[in-house]
Amino acid sequence: MATTIPTPKPALDKPLMHYGRRVLDRTAPGNSPTQYQILDISPLTLHIGAEITGVDLSQPIGDDLAEELRQALLEWKVIFFRDQHAFGPEQHLALAGVWGAPEENPFFPKSGTAGVSRLAKDAMAIGNENIWHSDHSFMAAPALGSVLRAVEVPPAGGDTMWADMAVAYDNLSASMKERIDTLTAVHDWVPSWGSAMTEDRVTRLRQTLPPVEHPVVVRHPRTGRKVLYVNEPFTTRIVGLSDTESRELLGELALQARIPEYQVRFRWQPDSIAIWDNIAVQHYAINDYYPQRRVMERIAIAGVPLS
Ligand code: SIN
């Protein structure tokens with residue numbers, strides 16, 4: 001006999017008081033799951049994160065594989081590969097190229113290969129990516145995705161987490177959705193990256209990277225699905241609201257990425273690779289391994305203006 005799943009209670013206006021089942025749809029309503037011919041997909045949760053086996057990413061990526069990789073990323077939002085031992089900067093660039101052109105992060109240390117950033121304990125002291133964020137949301141066309149490779153990992157710790165911001169939007173109360181659906185927010189790198197810079201450097205960089213605005217709820221450029229698009233370090237205020245209203249609303253929206261049911265967590269091994277859809281998810285690099293060494297290489301993929 002079929003089990004009837006009770007209809008979830010409407011989400012409460014106070015997100016921390018929510019309990020019970022959440023709505024965790026992997027894809028937008030009406031999309032049926034893809035049957036993959038090449039990829040072997042093992043889901044890590046029902047809606048975000050899948051480990052993919054049966055692919056050697058050191059080999060040239062043909063059209064059929066590229067198409068399945070693109071589809072898998074749209075469906076799972078973050079995909080993982082392990083034991084890619086023959087994978088270096090050249091293969092890294094080729095893999096990122098399945099989605100688009102590489103985009104430099106202006107603040108990350110360089111690796112020696114154009115387009116590839118190297119995040120090492122040596123260079124980043126104890127690392128400062130342990131805050132929920134979307135890569136490059138402070139740009140007019142934020143990165144579409146990122147491809148991260150583990151070069152050296154600590155014996156324990158140093159995991160990364162991702163949160164599904166489409167599901168986060170789905171679970172907001174109807175009144176919250178109505179309130180934020182037409183709002184726009186300012187994104188700016190200065191309060192985070194700029195805090196450790198001299199005023200001169202901030203002024204110089206500001207000329208090429210001024211504050212930008214994005215809708216608070218964006219339509220994903222490929223799927224059209226609504227995504228909550230504000231993040232703690234880079235979204236500085238909501239246009240048209242008072243400072244207090246803006247701060248309170250951003251605080252409440254930022255909490256959504258912290259809800260465990262929206263998340264997936266990945267334990268790295270050397271030569272593991274993660275690729276994420278940077279519009280659909282936020283991520284958080286757990287900073288629990290100091291003074292062990294952790295070295296990662298990352299390529300961000302150039303994006304498009306959001307609407
Ligand atoms: C990042 O924030 O892009 C880095 C993630 C990580 O090092 O796990």
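Everything discussed here concerns the structure shown above.
Source: prediction; values computed, not measured. (Residues numbered from 1 in each chain as written. Predicted model: local features only at pLDDT ≥ 70, side-chain atom pairs only at ≥ 80, totals over all residues. Heavy atoms only, no water.)

**Brief notes about the overall build of the chain**
Worth spelling out the cut-off: Segments assigned H or I by DSSP are reported as helices when at least four residues long, segments assigned E as strands when at least two residues long, and all are numbered from the N terminus. For every residue, the accessible area (1.4 Å probe, protein chains only) is compared with the maximum for its type, and the residue is labelled buried under 20%, exposed over 50%, or partly exposed between those bounds. What makes two residues a contact is simply this: any of their non-hydrogen atoms within 4.5 Å. The accessible surface values rely on the Shrake-Rupley method and a 1.4 Å probe; as for residues, cover is taken only from the protein chains in view.
Along its length, the chain carries 6 helices and 16 strands. For the chain, the proportion of its 307 residues judged to be buried stands at 50%. Residue pairs in contact within the chain that sit at least 24 positions apart in sequence constitute 82% of those at least 6 positions apart. Surface exposure of the chain reaches about 14400 Å², of which carbon and sulfur atoms provide 53%.

**Topic: the sheet that holds strand 7 (residues 160-164)**
Note the cut-off: Only strands joined by at least two bridges in the DSSP assignment are considered to pair. Interaxial angles span 0 to 180 degrees and are taken between N-to-C directions of axes, which are lines fitted to C-alpha atoms, for helices over the stretch in contact.
Taking strand neighbours across the sheet as the criterion, the 3 strands line up as 13-7-15 in an open arrangement whose pairing is antiparallel. Strands at the two margins of the open sheet, each flanked by one partner only, are strand 13 (263-266) and strand 15 (281-285). Averaged over all pairs of adjacent strands, the angle between strand axes in this sheet comes to 20 degrees, irrespective of strand direction.

**Structural notes on the environment of Gln84**
Tracing the sequence through the fold places Gln84 in the loop between strand 3 (78-81) and helix 2 (89-96). You can call Gln84 buried: its relative accessible area is 6%. Between the alpha carbons of Gln84 and Asn31 there is a distance of 31 Å; along the sequence they are 53 residues apart. When sequence neighbours within four positions are dropped, the list of residues in contact with Gln84 reads Val55, Asp56, Leu57, Ser58, Asp271 and Ile273.

**Examining the pattern of salt bridges**
What counts, and what does not: Just to be clear on terms, a salt bridge is a Lys or Arg side-chain nitrogen sitting within 4 Å of an Asp or Glu carboxyl oxygen.
What the rule picks out here adds up to 16 salt bridges. Close ionic contact of Asp159 with Arg265 constitutes a salt bridge, the shortest N to O distance being 2.8 Å. Note that Asp159 is positioned in the loop between strand 6 (145-152) and strand 7 and Arg265 in strand 13, a separation of 106 residues in sequence. Since its relative accessible area comes to 46%, Arg265 is described here as partly exposed. Among the ionic contacts, a cluster of salt bridges with common partners joins Arg118, Arg149, Asp271 and Glu297.

**Observations concerning the sheet that holds strand 8 (residues 184-187)**
Read from one edge to the other, the open sheet built from 3 strands follows the order 9-8-12, with strand pairing classed as antiparallel. The open sheet is flanked by strand 9 (212-215) and strand 12 (235-238), the only strands paired with a single partner. Sheet twist, expressed as the average angle between the axes of neighbouring strands with direction ignored, equals 35 degrees. As paired elements, strand 8 and strand 9 share 4 bridges and run antiparallel to each other. Its bridge partner being in strand 9, His187 is matched across the sheet by Val212.

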